[in-house]
Amino acid sequence: MDESKLAAYRATAATVIKNLNRRNMEGYYRDAAEEAVELVCGMIPAGDSVTWGGSMTFTESGMRAALEAGPWKLLDRATARTPEERREMWRDRASADWFFMSTNALTVGGELVNIDGNGDRLACLVHGPAHVVVLAGMNKLVADVDAGIKRIRTVTCPMNAARLHTETPCETHGICGRCHAERCMCCETVVTRHSRHDGRIKVVLIGQDLGY
């Protein structure tokens, strides 16, 4: 990557990390995804339970592959087939040692901005798992909360709708229609502006474009 771009990313990340710390969230920066994955894997004790929410960044960064190859107990919601299994999986995931996700947007002031459909990803962010790791490419940075919501509605939702085939306006027209469709992805909006729990939320910024 261009060294000037990396230098700018590092300077911006340092400012964001200071603002995250002010909000009682841990902040980290790494130039490349593989460095971020190595950092995070070094935080997780062998045998701990790990789970994740829907996230392209989680896969693109190599984090998922590293966890699948490591000495940890994986709680993958995709393995639950029946309603009873899904309910049991949710209970296990909600009390996991580590929960992985990305964020739809991250303000330079250190706020996490997220919109969700089912809400299980945001439920685990807000409460439950002992540790939450938020992996975010520098493309997720925005000026403020309003800019974050705008980014989600104009970039994130149309791309996810195309990937998931939601048959919502953001798939069929490529823009948010503020719909009430059956598979609406904009059911829950959460802005995380502070964490009461020391060391629980860890935001790892990566100097690459990752996810939507």
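Owing to the predicted nature of the structure, the values given are computational and were not obtained by experimental measurement.

**Here's the deal with the environment of Thr15**
Working step 1: Among the structural elements, Thr15 can be located in helix α1 (residues 3-22).
Working step 2: Here the alpha-carbon distance between Thr15 and His194, two residues 179 residues apart in the chain, equals 16 Å.

**Remarks on the sheet that holds strand β7 (residues 131-137)**
Working step 1: Taken in spatial order, the six strands make up an open sheet running β1-β10-β7-β4-β2-β3, and their pairing is parallel. Each edge of the sheet is formed by a strand with only one pairing partner; in this case those strands are β1 (26-30) and β3 (73-75). Adjacent strand axes in the sheet meet at a mean angle of 20° when their direction is disregarded.
Working step 2: In terms of strand pairing, strand β4 (residues 98-101) meets β7 through four bridges, oriented parallel. Among the inter-strand pairings, Trp98 is bridged to a residue of β7, identified as His131.
Working step 3: This element, helix α5 (residues 83-94), spans β2 (49-52), β3 and β4 of the sheet and lies at about 125° to β3.

**Here's the deal with the side chain of Thr166**
Working step 1: Topologically, Thr166 is positioned in the loop between α7 (145-164) and α8 (169-172).
Working step 2: The contact partners of Thr166, leaving out residues within four places of it in the chain, are Ala161, Glu171, Arg183 and Met185.

**Some details on α1**
An α-helical segment advances 3.6 residues per turn. Residues three or four places apart therefore align on the same side.
Working step 1: Helix length check: α1, at 20 residues, gives a terminal C-alpha distance of 29 Å against a target of 28 Å (1.5 Å per residue), a fit within 8%.
Working step 2: Buried residues of α1: Leu6, Tyr9, Ala13, Val16, Ile17, Asn19 and Leu20, and no others. Buried residues in α1, looked at end-on, bunch into an arc of 160°, giving them a common side. The exposed set on the far side of α1, more than 90 degrees from its buried face, consists of Ser4, Lys18 and Arg22.

The rules behind each value
- Residues numbered from 1 in each chain as written.
- Predicted model: local features only at pLDDT ≥ 70, side-chain atom pairs only at ≥ 80, totals over all residues.
- Heavy atoms only, no water.
- Helix = DSSP H or I, 4+ residues; strand = E, 2+ residues; numbered from the N terminus.
- Pairing = 2+ DSSP bridges.
- Axes fitted to C-alpha atoms, helices over the stretch in contact; angles between N-to-C directions.
- Contact = heavy atoms within 4.5 Å.
- Expected span 1.5 Å × (residues − 1).
- Buried < 20%, exposed > 50% of the residue type's maximum accessible area, 1.4 Å probe, protein only.
- Arc of directions from axis to C-beta.

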